[in-house]
Number of protein chains: 4
Amino acid sequence: MSASPARRRELLDTAAEVFAEQGYDATTVRKIADQAGMLAGSLYYHFDSKESMLEEILAAFLDELWAGYDAVLEADLGPRETLAALVTESFREIDRHRAAVAIYQKESKHLAPQPRFAFLADSQQKFEKAWLRTLERGVEAQIFRADLDIRLTYRFVRDTVWVAASWYRPGGHHSPEEIARQYLSMVLDGIATRGGPSAD
Amino acid sequence: MSASPARRRELLDTAAEVFAEQGYDATTVRKIADQAGMLAGSLYYHFDSKESMLEEILAAFLDELWAGYDAVLEADLGPRETLAALVTESFREIDRHRAAVAIYQKESKHLAPQPRFAFLADSQQKFEKAWLRTLERGVEAQIFRADLDIRLTYRFVRDTVWVAASWYRPGGHHSPEEIARQYLSMVLDGIATRGGPSAD
Amino acid sequence: MSASPARRRELLDTAAEVFAEQGYDATTVRKIADQAGMLAGSLYYHFDSKESMLEEILAAFLDELWAGYDAVLEADLGPRETLAALVTESFREIDRHRAAVAIYQKESKHLAPQPRFAFLADSQQKFEKAWLRTLERGVEAQIFRADLDIRLTYRFVRDTVWVAASWYRPGGHHSPEEIARQYLSMVLDGIATRGGPSAD
Amino acid sequence: MSASPARRRELLDTAAEVFAEQGYDATTVRKIADQAGMLAGSLYYHFDSKESMLEEILAAFLDELWAGYDAVLEADLGPRETLAALVTESFREIDRHRAAVAIYQKESKHLAPQPRFAFLADSQQKFEKAWLRTLERGVEAQIFRADLDIRLTYRFVRDTVWVAASWYRPGGHHSPEEIARQYLSMVLDGIATRGGPSAD
DNA sequence: CATGAATGAGTATTCATTCAT
DNA sequence: TATGAATGAATACTCATTCAT
């Protein structure tokens, strides 16, 4: 157990790619090993189990994500700028760790209840709190509309952002910042033309 | 192999619930049978295979969905009304077949390439075409903003709607029509207050 | 249990046909039922088990076979005539009960040890005794060659006859008597021309 | 999937023995594994499936058989010598690969239609052609009797030889060459004494 | 007599994991 | 560090059989 951290990361990246593409359950240890050019059993020199690979992938991703988020939240920006910064940060993370994000999206719901993955539930709570607070501050400041259900709005914004991981391909037409800009534009101002008839 | 349609539906509903909660791959035939109060092998009196249950669940869902969609599309409404009707129809479907929708969301991507599930890919294409056309019509009529990437907008609206299946619970505070109304309001007009500073 | 003997025979004939074509193990009760135009469970009104069908088929066949054989053996014919009559009788049986013969050929070896199928082993012993005695009488009377291993000869004649069940189709070019005649000609006089060089 | 050829052969020999004794269908993978002193699942390290074991056993047998046959057929012997050599070669093969031959006898008929086992049908055709041609040459040369149905004679000789695999036990009283000699003597010259009354 | 629905024991196969080399 | 070979538990599926209707 242990070995060079460099090799570990390499193997984890490989594993993440396969997990993302095929789903965790559907991914066999052999597929990962094949991709890494070794035999299935050999992975167990580097890792305790398939599950521990998953854990390490998700934990590393969330660590990095929160480094970014915390920086934003501690910057004491206004609600609108906070929202913009959080969304942009999210798209940057999708750009850098698409595989991990995709895994997170697909698997976190059924992993969270397990003690081993408690950190997922923790993160989710922190995440929700930060978003709700930002939205509430925005409503108070009359920057966000007051007539919207705030929890519904939270889910709307959250899903809107993260689901992008399922189709986003790094190196495509749009940079993450560009996509973030467009998303924000839609989320903030809607897709209808201004001055058109308001919804219902 | 065929058996009474009533019992079949009962069992399919049970199966859909389990598939939705645990994921198709992670669902064992025994779990479904347990839930249905019978032994695993007994399911095979009613169905050919686990996969055929999945197929039947998804096909029935899409049939019903398209009945609703086609009615909307053939009604020749304006772009804004079409969009509203499609979204409302979608939330109604989520309300009626939450399990099937959740399964569709999670599994359709990796199922679609299989010949057996070709109807998923067909549906996806039809779906995309209907949405893109509606958005294009809206832009032409200056009802939707012209400065947005139309494919990005399509994904935005699509994801925004369907991801709701992952958290929606029928019989909760909001009726599907109420949720649809709020979603539409956000999508069309944004979450920012009118007259506020536009996004960057 | 019981029912009309006519229906029983019908069902047994159907079963025999399927057993012969697919092998006993590979034959499912459902295939027999399908062929008979009923459901698998319904067969159990007529028979105790799949195995009891097999038993009844084989027992009926052997009963009839031995009726013929016993008549021949009690007729006190000369060895050559006895051999001819036994072979002819065998081909007639193949003609009448091809399916049963084919089953017997394929399955009797591994069935014989089971107590339920002891009658197969009995029959085989009686069969061997009758043939060996006929061959011995023929050697004594200088009708059959004395330089041949008698057990080998027995197997040779026995196999030569019964294996025909694997390819014989009733209603073909040759009547069973005609095939018997040709087989006897080969067995008795060989396929080489008389006066040719003898086999080394 | 591949693994050491030595272990493979060992396991295939074990499997062939069990297949021959119990029949392919009636043989469970567990029986083979038991015989080999391992667990059922472990066999799948060496082989893809139970069927692939069967295929490998039969293919190896036919390869070796045809090596021998081709040598005989290319030697341009007279018809009688060709027949003698083919029969002798066959008994040698039965001696060396009794299990494979027994499997071939019992299973080839229902395997041959499957694409995977097309090589069985190919072999059977080649086999038939070689034998028919040898018999025809013999009739032309007046070495074999002209009054026999040649296809019937082919079946007679073919069955006569191969059925021996069902009772032959290597290391018994007779060497394969000795058995071949006796069989040939019966097939060529018959079991009746010369000068006796010919079979009507 | 036959059906419809189920049982329960078994079957081939998969796969994460282990461990001596 | 990695391999080759195995374990053992689980998985989808099959099938003879039962039985209330």
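Cut-off values and rules
The numbers attached to residues start from 1 for each chain and follow its sequence in the written order. Think of it this way: whatever chain is written first is A, whatever ligand is written first is 1, and the rest follow in order. Residue-level local features of this predicted model are given only where pLDDT is at least 70; pairs of side-chain atoms are given and counted only at 80 or more, and the full residue set underlies all totals for whole chains, interfaces and linings. By convention in this description, side-chain values take in all heavy atoms of the structure and omit both hydrogens and water. Fitting of the copies onto one another was done by least squares over C-alpha atoms, counting residues only where both copies have pLDDT of at least 70. Between two residues, a contact is recorded if the distance between any of their heavy atoms is within 4.5 Å. UniProt positions are given in the numbering used here, feature names are shortened, and annotations may be inferred rather than shown by experiment. Helix and strand definitions here come from DSSP, where helices need a minimum of 4 consecutive H or I residues and strands a minimum of 2 consecutive E residues; each element is numbered from the N-terminal end. Where each domain starts and ends follows an automatic or database-derived domain assignment. Buried area: the accessible area, evaluated with a 1.4 Å probe, that two parts lose upon being put together, summed over both parts. A pair is scored as a salt bridge if a Lys or Arg side-chain nitrogen falls within 4 Å of a carboxyl oxygen belonging to Asp or Glu. Definition of a polar contact: a pair of N or O atoms within 3.5 Å, with one able to donate and the other able to accept a hydrogen when the atoms are protein atoms, and with sequence-neighbouring residues admitted only if both atoms are side-chain atoms. When residue character is reported, Ala, Val, Leu, Ile, Met, Phe, Trp, Tyr, Cys and Pro are called nonpolar, Asp, Glu, Lys and Arg charged, and the others, Gly included, polar. We call a residue near a molecule or strand whenever a single non-hydrogen atom of that residue lies within 4 Å of it. Whether a residue is buried, partly exposed or exposed follows from its accessible area with a 1.4 Å probe, protein chains only, as a fraction of its type maximum: under 20%, in between, or over 50%, in that order.

1. Re the relation of the copies chain C and chain D
Link 1 in the chain: Between chain C and chain D, which share one sequence, the superposing operator has a rotation angle of 180° and an axial displacement of 0.1 Å; the RMSD is 0.1 Å. Considering both components of the superposition, the chain copies are consistent with a two-fold axis. Every residue of chain C has its C-alpha some distance from the rotation axis, and the shortest such distance is that of Gly190 of chain C, at 1.8 Å.
Link 2 in the chain: A shared binding surface is used by both copies, with 100% of the interface residues of chain C retained as interface residues in chain D.

2. Quick look at the UniProt feature "domain: HTH tetR-type" (unreviewed entry) in chain A
Link 1 in the chain: Under the UniProt annotation, "domain: HTH tetR-type" (unreviewed entry) lies at residues 5-65 of chain A.
Link 2 in the chain: Its end C-alpha atoms 21 Å apart, residues 5-65 of chain A is made of 75% helix and 0% strand.

3. Focus on the domain arrangement of chain A
How big an interface is tends to be expressed through the accessible area that disappears when the partners come together.
Residue and element names in this part refer to chain A.
Link 1 in the chain: The domain boundaries assigned to chain A delineate domain 1 (1-48) and domain 2 (51-189).
Link 2 in the chain: If you average the C-alpha positions of domain 1 and of domain 2, the two centres end up 27 Å apart.
Link 3 in the chain: In this assembly, 16 residues from domain 1 lie in contact with 14 residues from domain 2.
Link 4 in the chain: In total, domain 1 and domain 2 occlude about 1200 Å² of area from one another, counting both sides; carbon and sulfur atoms represent 66% of this.
Link 5 in the chain: Among the residues of domain 1 in contact with domain 2, Leu12, Ala20 and Tyr24 are the three that bury the most area, contributing 40% of the side total.
Link 6 in the chain: Our count for the contact surface shared by domain 1 and domain 2 stands at two salt bridges.
Link 7 in the chain: Here Arg98 makes a salt bridge to Glu17, at a shortest N to O gap of 3.2 Å.
Link 8 in the chain: At the junction of domain 1 with domain 2, the criterion picks out five residue pairs in polar contact (both at pLDDT 80 or more).
Link 9 in the chain: Its residues assigned to classes, the side of domain 1 that touches domain 2 shows nine nonpolar, one polar and six charged.

4. Focus: the protein's contact with DNA strand E
Link 1 in the chain: Close to DNA strand E lie 31 residues; Tyr44 of chain A, Ser42 and His46 of chain B, Ser42 of chain C together with Tyr44 of chain D are nearest.
Link 2 in the chain: A share of 75% is what sugar and phosphate atoms reach among the atoms of DNA strand E within 4 Å of the protein.
Link 3 in the chain: Ser42 of chain C is positioned such that a nitrogen or oxygen atom in its side chain is 2.9 Å from a phosphate oxygen of DNA strand E.
Link 4 in the chain: In this structure, a phosphate oxygen belonging to DNA strand E sits 2.3 Å away from a side-chain N or O atom of Tyr44 of chain D.
Link 5 in the chain: At the level of elements, α3 (43-46) of chain B together with α3 (43-46) of chain C are the ones that each hand at least two residues to the surface near DNA strand E.
Link 6 in the chain: The residue inventory of the surface near DNA strand E, partitioned by class, reads twelve nonpolar, 15 polar and four charged.

5. As for the UniProt feature "DNA-binding region" (unreviewed entry) in chain A
Link 1 in the chain: Under the local residue numbering, the UniProt record ascribes the feature "DNA-binding region" (unreviewed entry) to residues 28-47 of chain A.
Link 2 in the chain: Structurally, residues 28-47 of chain A comprises 60% helix and 0% strand, and the distance from its first C-alpha atom to its last is 15 Å.

6. Let's talk about the environment of Ala192 of chain B
Link 1 in the chain: Mapped onto the elements, Ala192 of chain B comes out in the segment after α9 (176-189).
Link 2 in the chain: With relative accessibility at 1%, the residue Ala192 of chain B sits in the buried group.
Link 3 in the chain: Residue contacts for Ala192 of chain B: discarding those within four places in its chain leaves Arg80, Ile143, Phe144, Arg145, Val187, Leu188 and Asp189 of chain A.

7. A word on the interface of chain C and chain D
Link 1 in the chain: Across the contact, 45 residues belong to chain C and 45 residues belong to chain D.
Link 2 in the chain: Between chain C and chain D the total buried area reaches about 4300 Å² when both faces are included, carbon and sulfur atoms providing 58% of it.
Link 3 in the chain: On inspection of chain C and its partner chain D, the count reaches zero salt bridges.
Link 4 in the chain: Linking chain C with chain D are 25 residue pairs in polar contact (both at pLDDT 80 or more).
Link 5 in the chain: If you list the elements that add at least two residues to the side of chain C that touches chain D, you get α5 (79-96), α6 (98-111), α8 (150-162) and α9 (176-189) of chain C.
Link 6 in the chain: At nine residues, α9 of chain C tops the list of elements feeding residues into the side of chain C that touches chain D.

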